Amino acid sequence: TGLAVGMGVGQALLVLLAACTVMPAKDPLLNICMDAKHHKTKPGPEGMLHNQCAPWKDNACCTANTSLEAHKDQSNLYNFNWNHCGLMPPKCKSHFIQDTCLYECSPNLGPWIDQADSSWRRERILHVPLCKEDCEEWWEDCKDYVTCKENWHKGWNWATGTNRCPWGSMCRPFSHVFPQPKDLCEKIWSNSYKYTTEHRGSGRCIQMWFDPAQGNPNVVVAKYYAWKKRSSPAWMEDVTPETDKAVCALPWPVLVLLPLALVVLLERAGGCGSHGWGSL
């Protein structure tokens, strides 16, 4: 009877050990918010996200107020004025609103978060692979708008507290400033995005536009690129042991008893012959 009890304890401990070894650590690249001006510290549900930011309401890095500000011509988020060269057409503006919603609200940009040297944020996104359709529709709907700058991140005249065209610059059609969709998506925000030939639904590119009823397609994309990044030599050199291996959360008494459990099981196996394991 004592042996049977020992066997039971041993088996239970081995099951716990097996569970421990396959329990993965939380992936530091997935379901996170960047350290920036308006982002929450961690993503979570936001029931009242405004209009174009609503697709992220189930799991968002932005607040309801941030989503509301994202839709204004003169937003309090960064005092940025879309209409610096005349009124931006609504169909064009909708893409910039969606771009803002993705940046502020998405918890799926972890693989592309990079350090930033700005006074207003410690982190930014860099080279996010944007789906072909998202980039090309953005360019198509904005090509007749006019702007005076290629890079909207820096170089503005902020003398009045909002962005104005720098002295000596000319307002020109988007199609001149950005001859191709790739130019728009990659240059306008200092390479935050990367133009790709991947299509929506491929699992290989980030969508600015998606139907939340079908789920968030960017979750799978982030997982794929997180896996790619973890597999790269640069990541392996950079990563700390605590973040890149399975974490064992078993209490120390269980860990102390594990060797004893193994001894009991091995002794039992020796007494029962080759059929002993089959009867366990």
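Quick summary incoming for the structure in this document. Predicted, not measured: the structure shown is a model, and the values here were computed from it.

### Overview of the layout of surface pockets
Within this model, the second largest pocket holds a volume of roughly 250 Å³. What lines the second largest pocket is P111, W112, I113, D114, L126, H127, P129, K194, T196, Y225, K228 and K229. Those elements that place two or more of their residues in the lining of the second largest pocket are β1 (113-118) and α7 (218-231). In terms of residue count, α7 provides more of the lining of the second largest pocket than any other element does, three residues in total. Partitioning the lining of the second largest pocket into residue classes produces six nonpolar, two polar and four charged.

### Some points on unusual backbone geometry
Backbone geometry places N51, a non-glycine residue, at a positive phi of 40°. As for its placement among the helices and strands, N51 is situated in the loop between α1 (2-22) and α2 (64-69). The class for N51 is exposed, based on a relative accessible area of 52%. Here S190, not a glycine, exhibits a phi torsion of approximately 55°, which is positive. Summarising the element assignment, S190 is placed in the loop between α6 (181-187) and β6 (193-195). Since its relative accessible area comes to 16%, S190 is described here as buried.

### Thoughts on α7
Between its first and last C-alpha atoms α7 spans 20 Å; for 14 residues at 1.5 Å apiece the expected length is 20 Å, and the two agree. Those residues of α7 that fall on the buried side of the exposure criterion are N218, V221, A222, Y225 and A226. The buried residues of α7 occupy an angular sector of 130° when the element is viewed end-on, so they sit on one face.

### Things to note about the packing of aromatic side chains
The final tally for this structure, using the stated rule, is 19 aromatic pairs. Ring geometry for W152 and W189: centres 6.0 Å apart, planes at 90°, overall edge-to-face. Of this pair, W152 sits in the loop between β4 (146-147) and β5 (172-173) while W189 sits in the loop between α6 and β6, placing them 37 residues apart in sequence. On the accessibility criterion, W152 (1% relative accessible area) is buried. By relative accessible area, W189 is classed as buried at 12%. One aromatic cluster is present, formed by F80, W82, F96, W138, Y145, W152, W156, F174, F178, W189 and Y193 through successive ring pairs. When the ring centre of W156 is taken as origin, the NZ or CZ atom of K149, which lies over that ring, is 5.6 Å away. Directly above the ring of Y224 sits R204, whose terminal nitrogen or CZ lies 3.6 Å from the centroid.

Here is what the cut-offs are and how they apply
- Residues numbered from 1 in each chain as written.
- Predicted model: local features only at pLDDT ≥ 70, side-chain atom pairs only at ≥ 80, totals over all residues.
- Heavy atoms only, no water.
- 1 Å grid on protein atoms, 1.4 Å probe; cavity = no way out; pocket = protein on both sides within 12 Å on 5 of 7 lines; lining within 4 Å.
- Points joined across faces, edges and corners; volume = space filled by probe spheres on them.
- Helix = DSSP H or I, 4+ residues; strand = E, 2+ residues; numbered from the N terminus.
- Nonpolar A, V, L, I, M, F, W, Y, C, P; charged D, E, K, R; others polar.
- Buried < 20%, exposed > 50% of the residue type's maximum accessible area, 1.4 Å probe, protein only.
- Expected span 1.5 Å × (residues − 1).
- Arc of directions from axis to C-beta.
- Phe/Tyr/Trp six-rings, centres within 6.5 Å; stacked < 30°, edge-to-face > 60°.
- Lys NZ or Arg CZ within 6 Å of the ring centre and 35° of its normal.

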